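Structure assessment
Below, each chain spelled out in residue letters.
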Amino acid sequence: MSQDEKLKDEWARAQQSGRAMNRKKMFATGAGMAVTFLLSVPMIVALIAVDAMDDRIALGVAILALFVGWFVRNRLWPKGQFSR
């Protein structure tokens with residue numbers, strides 16, 4: 001195997017690894033956004049439709065939904081060679 005072929009093989013392996021990492025990052029981000037959406041939308045709809053709910057409760061639940069979505073995203077985020 002020549003030096004040129006070795007470099008091309010190394011490049012292909014690096015590209016494949018980068019694509020796999022990007023897929024995992026996209027999945028983690030999508031899962032975090034889905035959790036945030038699923039937790040906050042019922043509260044927002046109830047806040048708009050019912051108007052009997054205290055605004056602070058709805059806001060607190062929406063903020064809680066953001067933190068839960070962030071937590072899910074961070075747990076699913078891929079760990080690489082240079083991650084903490």
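The structure we're discussing is the one just above.
Throughout what follows, the structure given in this document is the object of discussion. (Residues numbered from 1 in each chain as written. Predicted model: local features only at pLDDT ≥ 70, side-chain atom pairs only at ≥ 80, totals over all residues. Heavy atoms only, no water.)

**What about the side chain of Ser40?**
Considering the arrangement of structural elements, one finds Ser40 in helix H1 (residues 3-49). Exposure remark for Ser40: the relative accessible area of 11% places this residue in the buried category. Only 2.8 Å separates the side chain of Ser40 from the backbone oxygen of Thr36, close enough to count as a polar contact. Discounting residues that sit within four places of it in the chain, Ser40 has contacts with Ala62 and Ala65. (Helix = DSSP H or I, 4+ residues; strand = E, 2+ residues; numbered from the N terminus. Buried < 20%, exposed > 50% of the residue type's maximum accessible area, 1.4 Å probe, protein only. Polar contact = N/O pair within 3.5 Å; in protein donor to acceptor, adjacent residues only side chain to side chain. Contact = heavy atoms within 4.5 Å.)

**Side note on the pattern of salt bridges**
Counted according to the given criterion, the structure contains 1 salt bridge. Notably, a salt bridge pairs Arg13 with Glu10, separated by 2.3 Å at the nearest N-O pair. Within this pair, Arg13 and its partner Glu10 are both found in helix H1, separated by 3 residues, close to a single helical turn. For Glu10, a relative accessible area of 42% corresponds to the partly exposed category. (Salt bridge = Lys/Arg side-chain N within 4 Å of Asp/Glu carboxyl O.)

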